[in-house]
Amino acid sequence: MNTSGHAADDVRASGLRLAPFRGLRYVPERVGSLAAVTSPPYDVVVRPDGLHHLESADPHNIVRLILPQAITAGTRHRKAAVTLDRWLADGILAPDPEPALYVYEQRGDGILQRGLIGALELSTPAEGIVLPHEDVMPHVVEDRAALMRTTAANLEPLLLTYRGDGDGAAAVIDRVVTGEPLLSTTTEDGFHHRLWSVTDPADLTTVAGELGRHQALIADGHHRWATYLRLREEHTAPGPWNYGLVLLIDTARYPLRVRAIHRLLNRLPVADALAALNSLGDGFRVTRVDGPLAAAQEALAAACADGNAFLLAGDGAFHLVDRPAPALLARTIRGDRPEAWRTLDATVLHSTLLDHVWHIPDDPEDISYIHDTEAAVDQATRRGGTAVLMHPVKEEVVRDLARQGVTMPRKSTSFGPKPATGLVLRSLALD
């Protein structure tokens, strides 16, 4: 990582090391608006509706890089690389003049969140510096790796959290946000985004000194972190592949919201899901609950206070599935994990319901993972499948399991608000 000329280079952190980089950013005069070229993270875009909406928002929307469209995977990735090169050549995107860390602010829906964007030195889970809390799907890692490899770019930052000391980086952030931002925009979800650069050597040293005492939890981006590690293995010489683009949030100051990620069972009609549950005998309680969706979600939250519960939708009604039989759980859930893991809703869903009751393989043809609740219900209705709506897990449970080295079932949580994609990119060719 080339950060020559910055005092932060002299501080070798035993914990987190966040290095400055030359950010690639849209040139405002070359696009319709900054809001029109941004996107949610690639796995939050509800395809195909959301994809088409973003593509039509502006011909240079970042979705054309993070979710390029073509018949084959190889063609998609090459298309993204060609598009990125063309946008650079045409001045749509341009690198900042010098390496920097970036202070990023999001404000909306009663939330104020600030953090630091930089190139984080990679580490394995065994090193205990960056803690994952979810398993990953190999085919997603392979796809993201091919895209990063072909474009030689980190197109969107991961979301990581740490518990800060209350000074150091916090003081730098508080001072920087009093100045004029590099950019300011409001996206269609109503969130206001601002970005500042941090280049002062004293500030970089202050940030490095504090972060070097901390570990981080991956809040969002497990597949991209696994991708970073895979690509580092392919590039054994020290250099830019030893780092990955992240947003670090101090949740002692700016707590994140934790939401659930829902499952869409594409090939399982609701009637078949209910029939399999009813055939168990001593299995789960199944109760039809009244809508609308908000009222059904309240019923789910109330049921989750007493144990595992799920909401099935897709046939025009809502069905609460709760009170699993202890004998069924004991028979279907592995016993060599902590109690907090064995009682997770995601564990019960995957180990008991998906594997044992419904016999649904965890592959893309059978299961889609959808963040938006209404979208999950709508797609289940259109496809004749079953939406399994989840209730979010508490952040302290996630962090405690991660510190024990125990990963949760994939797509167990959705931390937010997530950073908007497209405000700052990292080209490995510039490092």
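How each quantity is defined
- Residues numbered from 1 in each chain as written.
- Predicted model: local features only at pLDDT ≥ 70, side-chain atom pairs only at ≥ 80, totals over all residues.
- Heavy atoms only, no water.
- Helix = DSSP H or I, 4+ residues; strand = E, 2+ residues; numbered from the N terminus.
- Rg over C-alpha atoms; globule rule 2.2 N^0.38 Å.
- Buried < 20%, exposed > 50% of the residue type's maximum accessible area, 1.4 Å probe, protein only.
- Contact = heavy atoms within 4.5 Å.
- Pairing = 2+ DSSP bridges.
- Axes fitted to C-alpha atoms, helices over the stretch in contact; angles between N-to-C directions.
- Core = buried A, V, L, I, M, F, W, Y, C linked by side-chain atoms within 4.5 Å.
- 1 Å grid on protein atoms, 1.4 Å probe; cavity = no way out; pocket = protein on both sides within 12 Å on 5 of 7 lines; lining within 4 Å.
- Points joined across faces, edges and corners; volume = space filled by probe spheres on them.
- pLDDT = per-residue confidence, 0-100.
- Polar contact = N/O pair within 3.5 Å; in protein donor to acceptor, adjacent residues only side chain to side chain.
- Parallel < 35°, antiparallel > 145°, perpendicular 65-115°, else oblique.
- Left-handed = near helix turned anticlockwise from the far one by under 90°.
- Nonpolar A, V, L, I, M, F, W, Y, C, P; charged D, E, K, R; others polar.
- Expected span 1.5 Å × (residues − 1).

1. Considerations on the overall build of the protein chain
Thinking step 1. When its secondary structure is counted, the protein chain shows 15 helices and 21 strands.
Thinking step 2. For the protein chain, the C-alpha radius of gyration of 22 Å lies close to 22 Å, the compact-globule estimate for 431 residues.
Thinking step 3. By residue count, 58% of the 431 residues in the protein chain fall in the buried class.
Thinking step 4. When contacts within the protein chain are restricted to residue pairs at least 6 apart in sequence, long-range pairs at least 24 apart make up 79% of them.

2. A short note on the sheet that holds strand E7 (residues 153-154)
Thinking step 1. The antiparallel open sheet is built from four strands, whose spatial order is E3-E2-E21-E7. Edge positions in the sheet fall to strand E3 (93-95) and E7, since each has one partner strand and no second.
Thinking step 2. The pairing of strand E2 (residues 23-26) with strand E21 (residues 425-427) spans two bridges and is antiparallel. Residue pairing for E21: Gly23 is matched across the bridge by Arg426.
Thinking step 3. Contacting E2, E3 and E7, helix H4 (residues 73-89) runs over the sheet at an angle of about 75° to E3.

3. Let's talk about the sheet that holds strand E14 (residues 262-265)
Thinking step 1. Judged by pairing direction, the sheet is antiparallel, and its six strands sit side by side in the order E15-E17-E16-E19-E14-E18 without closing on themselves. Each edge of the sheet is formed by a strand with only one pairing partner; in this case those strands are strand E15 (285-289) and strand E18 (367-370). The mean angle between the axes of side-by-side strands here comes to 25°, regardless of whether they run parallel or antiparallel.
Thinking step 2. Judged from the four bridges that link them, E14 and E18 form a sheet pairing that is antiparallel. For Leu264, the partnering residue across the bridge sits in E18 and is Ser368.
Thinking step 3. In the packing of helix H13 (residues 345-357) onto the sheet, contacts are made with E14, strand E16 (309-313), E18 and strand E19 (386-389), and the angle to E16 comes to roughly 60°.
Thinking step 4. In the packing of helix H14 (residues 373-383) onto the sheet, contacts are made with E14, E16, E18 and E19, and the angle to E19 comes to roughly 160°.

4. Some details on the nonpolar core
Thinking step 1. Judged by nonpolar contacts, the single largest core of 118 residues is most densely connected at Leu16, Tyr26, Ile117, Leu160, Trp225, Leu248 and Trp358.
Thinking step 2. Ignoring anything within four residues of it in the chain, the contact list for Leu248 reads Leu16, Leu18, Gly115, Leu116, Leu160, Tyr162, Leu211 and Ala216.
Thinking step 3. Core analysis: the second largest hydrophobic core is formed by 19 residues, Val289, Leu300, Val377 and Ala387 among them.

5. Structural notes on the environment of Arg399
Thinking step 1. Take Arg399: it is sitting in helix H15 (residues 395-403).
Thinking step 2. Each C-alpha atom of the pair Arg399 and Asp109 lies 25 Å from the other, and the pair is 290 residues apart in sequence.
Thinking step 3. Not counting the four nearest positions on each side in its chain, Arg399 is found in contact with Thr161, Arg163, Leu217 and Thr251.

6. Overview of empty space enclosed by the protein
Thinking step 1. Evaluation of the coordinates by the stated rule reveals five cavities of 30 Å³ or more.
Thinking step 2. By volume, the largest cavity amounts to about 100 Å³.
Thinking step 3. Taken together, 13 residues make up the lining of the largest cavity; nearest its centre are Asp43, Asp220, Gly221, His222 and Lys411.
Thinking step 4. Listing elements by their share of the lining of the largest cavity, those giving two or more residues are strand E11 (216-220) and helix H8 (222-234).

7. Some thoughts on the confidence of the model for the protein chain
Thinking step 1. Confidence along the protein chain averages 90 in pLDDT terms, with 94% of residues attaining 70 or more.
Thinking step 2. The low-confidence segment residues 2-13 (pLDDT under 50) makes 23 contacts with residues lying over four places distant or belonging to another chain.

8. So, the side chain of His319
Thinking step 1. Along the chain, His319 turns up in strand E17 (residues 318-322).
Thinking step 2. His319 sits in the buried class, given a relative accessible area of 7%.
Thinking step 3. Reaching out from His319, the side chain makes a polar contact with the side chain of Asp315 at a distance of 3.0 Å.
Thinking step 4. Once you skip the residues sitting within four places of it in the chain, His319 turns out to touch Val270, Leu274, Thr287, Arg288, Val289, Phe310, Leu311 and Leu312.

9. Here we look at the environment of Val198
Thinking step 1. The topology assignment puts Val198 in strand E10 (residues 192-198).
Thinking step 2. Residue class for Val198 comes out buried when judged on its relative accessible area of 2%.
Thinking step 3. As for Val198 and Ala317, which are separated by 119 residues in sequence, their C-alpha atoms are 52 Å apart.
Thinking step 4. Discounting chain neighbours no more than four positions away, the residues touching Val198 are Ala100, Leu101, Val103, Val172, Val176, Asp203 and Leu204.

10. Digging into the packing of helix H5 (residues 138-151) against H8
Thinking step 1. Where H5 meets H8, the closest approach of the two axes is 9 Å, and the angle between their N-to-C directions is 60°. Here H5 is positioned oblique relative to H8, judged by the angle of their axes. Between H5 and H8 lies a crossing of right-handed hand. On H8, the residues touching Val140, Val141, Glu142, Arg144, Ala145, Met148 and Arg149 of H5 are His223, Arg224, Ala226, Thr227, Tyr228, Arg230, Leu231 and Glu234.
Thinking step 2. Here the residues of the contact of H5 with H8 are counted per class, giving seven nonpolar, two polar and six charged.

11. Observations regarding H8
Thinking step 1. Between its first and last C-alpha, H8 extends 19 Å over 13 residues, near the 18 Å set by a 1.5 Å rise per residue.
Thinking step 2. Within H8, burial applies to His222, His223, Arg224, Trp225, Thr227, Tyr228, Leu229 and Leu231.

12. Some thoughts on the pairing of E11
Thinking step 1. Counting buried positions along E11 yields five of five residues, so the element is predominantly enclosed.
Thinking step 2. Across two bridges, strand E6 (residues 130-131) lies against E11 in parallel orientation. Across the sheet, Leu131 pairs through a bridge with Leu217, a residue of E11.
Thinking step 3. Inspection of the sheet shows strand E8 (residues 158-162) paired to E11 by three bridges, in the antiparallel sense. Bridge pairing in E11 links Leu159 to Asp220.

13. Some details on the packing of H4 against H5
In helix packing, the relevant descriptors are the interaxial angle and the interaxial distance, both defined with respect to the helix axes.
Thinking step 1. Between H4 and H5, the least distance of the axes is 8 Å, while the angle of their chain directions is 35°. As H4 packs across H5, the resulting crossing turns out to be right-handed. For the pair H4 and H5, contact is made by Arg76, His77, Arg78, Ala80, Ala81 and Leu84 and by Asp143, Ala146, Leu147, Thr150 and Thr151, respectively.
Thinking step 2. Of the residues belonging to the contact of H4 with H5, the class tally is five nonpolar, three polar and three charged.

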